[in-house]
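Chains, contacts and geometry: an overview
Given next are the chains, with one letter for each unit.
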Amino acid sequence: MAIPESDIDPYSDEVLENPHPSHALLRDLGPVVRLSRYGVYGIARYAEVRAVLEDWQSFSSARGVGIEDFSKVKPWRLPSVVLETDPPLHDRTRGVQSRVLSPLALSALKEPFARAAEDLVTRLLDLREFDAVPELAEAYPLTVFPDAMGMPRENRRFLLPYGDMVFNSFGPRNANFEAAVRDAAPVIEWVQAQSRRENLAPRGFGAEIHAAADRGELTEEEAPQVVRSVLTAGVDTTVSAIGAMLHCLARFPDQYDRVRAEPRLARNAFEEAVRHESPVQTFFRTTTRPAAIGGETIGEGEKVLMFLGSANRDPRRWERPDDYDVTRRTAGHVGFGAGIHACVGMALARLEGEAVLSALLSRVARIEIAGEVRRRRNNTLRGFASLPVRLVPA
């Protein structure tokens, strides 16, 4: 059978605002669809997305996880030496990141992260009503994550426009991309400077990555690139995930009540928000050889767009996929990817999300939407530009 075609534009304002109707149409068309606007293939069903994520030999990241094929087009940005490499280079750079962000390393952060969350929630309770995006979803990661990296306090907010640029660059060079890169130079310069050894504290994730170069595990040129890859992924995705969790708990007050009654569900409440909202909506791969997807074969050198957000709401995989359920078994969701390129910082994001929710549970009886909710427009990330909330004290 011929692979069906669709003129759906996954980067249109309409789809970015509400992707779910388009995702349902793409899933129903078949396991693989030709997206005629961009000349790429799209996969929106869970089984096929998971299969592609786990087959790096056929579906390469080294030619870019965005729409541009690095073998044909010079990238606007420096490719990531972790996210956009395949073995054997990927194994070396990823191995350093995995050790630096290991469960043992993160266990030492649990207490200071919890304390920072409690201090922030105490201050926000005095306000009662506030915009949860700048005041909580952004404020918390911009405090604890750069501290853990060993970064100075000045200009930390540059991490937000930097992440916005990078994640927009995975899509086409549309209005979202152009707006994100308009004032790129000082932000890029700052992030590159923060990735160098001399600008990082002697203790922290950044220093540990540079120490790997001293041991010969990375080259001197690779070490700041690995630091930069952590900085790229360490804030924006967590900001979007915490915003998603707050939005879900406000929209589904019965679920917030359930977590308050059973605080052990806090970790799963965060995980379910990642499945339900999928902060990272899409990523690309490039075929290295003729490859089979859902019984169809596509040729070498083709771009394949994985709809992670669609896979996480595929009724073929999930019961009541559009419901937010803090008791759901979320194992297997692709909100953090899967395979060798699964998000190396997922444990750090979980630690932050659980710390924020735990601080809220002990002090807040209810989270309410208190104004107009506005979505953020980004070619890859799904999050909020504004999320006005009201906290009802316990």
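Below is a summary of the structure that appears in this document. (Residues numbered from 1 in each chain as written. Predicted model: local features only at pLDDT ≥ 70, side-chain atom pairs only at ≥ 80, totals over all residues. Heavy atoms only, no water.)

1. Examining the sheet that holds strand S13 (residues 388-393)
Sheet strands line up and pair through hydrogen bonds in the backbone, either parallel or antiparallel. The 3 strands are arranged S5-S13-S10 in an open sheet whose pairing can be described as antiparallel. If you trace the sheet from one side to the other, it starts and ends with strand S5 (129-131) and strand S10 (364-369), each paired once. Averaged over all neighbouring strand pairs, the angle between strand axes comes to 30°, with direction disregarded. Bridge count between S10 and S13: 5 bridges; the pairing is antiparallel. Pairing of isoleucine 369 across the sheet is with valine 389, part of S13. Contacting S5 and S13, helix H7 (residues 132-149) crosses the sheet at an angle of about 70° to S5. (Pairing = 2+ DSSP bridges. Helix = DSSP H or I, 4+ residues; strand = E, 2+ residues; numbered from the N terminus. Axes fitted to C-alpha atoms, helices over the stretch in contact; angles between N-to-C directions. Contact = heavy atoms within 4.5 Å.)

2. What to know about unusual backbone geometry
A negative phi angle is the norm for most residues apart from glycine, just as the trans form is the norm for most peptide bonds. The peptide bond linking proline 87 to proline 88 adopts the cis configuration, its omega dihedral lying at 10°. Within the secondary structure, proline 88 is located in the loop between strand S4 (59-60) and helix H4 (89-100). Notably, arginine 128 is not glycine yet its phi reads approximately 70°, a positive angle. With respect to the helices and strands, the residue arginine 128 is situated in the loop between helix H6 (110-127) and S5. Exposure remark for arginine 128: the relative accessible area of 43% places this residue in the partly exposed category. You will see that serine 278, though not glycine, has its phi angle at about 50°, which is positive. Mapped onto the secondary structure, serine 278 falls in the loop between helix H15 (266-277) and strand S6 (282-287). (Buried < 20%, exposed > 50% of the residue type's maximum accessible area, 1.4 Å probe, protein only.)

3. What to know about the pattern of salt bridges
Taken as a whole and judged by the stated rule, the model has 36 salt bridges. Two residues, arginine 123 and glutamate 135, come together in a salt bridge whose shortest N-O distance is 3.5 Å. Of this pair, arginine 123 sits in helix H6 while glutamate 135 sits in helix H7, and the two are 12 residues apart along the sequence. For arginine 123, a relative accessible area of 40% translates into the label partly exposed. What makes glutamate 135 partly exposed here is its relative accessible area of 28%. (Salt bridge = Lys/Arg side-chain N within 4 Å of Asp/Glu carboxyl O.)

4. Looking at the nonpolar core
For soluble globular proteins, the rule of thumb is that nonpolar side chains tend to be buried together. By size, the foremost hydrophobic cluster in this structure holds 113 residues, and its most contacted members are Tyr140, Phe205, Leu357, Leu360 and Ile367. Core analysis: the second largest hydrophobic core is formed by 11 residues, Tyr11, Val40, Ala44 and Leu305 among them. (Core = buried A, V, L, I, M, F, W, Y, C linked by side-chain atoms within 4.5 Å.)

5. Points about the environment of tyrosine 11
Here tyrosine 11 is to be found in the loop between strand S1 (5-6) and helix H1 (13-17). Judged by relative accessible area, which is 5%, tyrosine 11 ranks as buried. Along the backbone, tyrosine 11 and asparagine 379 are 368 residues apart, and their C-alpha atoms lie at a distance of 5.9 Å. Excluding its chain neighbours within four sequence positions, the residues that come into contact with tyrosine 11 are Leu16, Tyr38, Phe170, Gly171, Pro172, Asn174, Asn176, Thr282, Phe284, Leu305 and Asn379.

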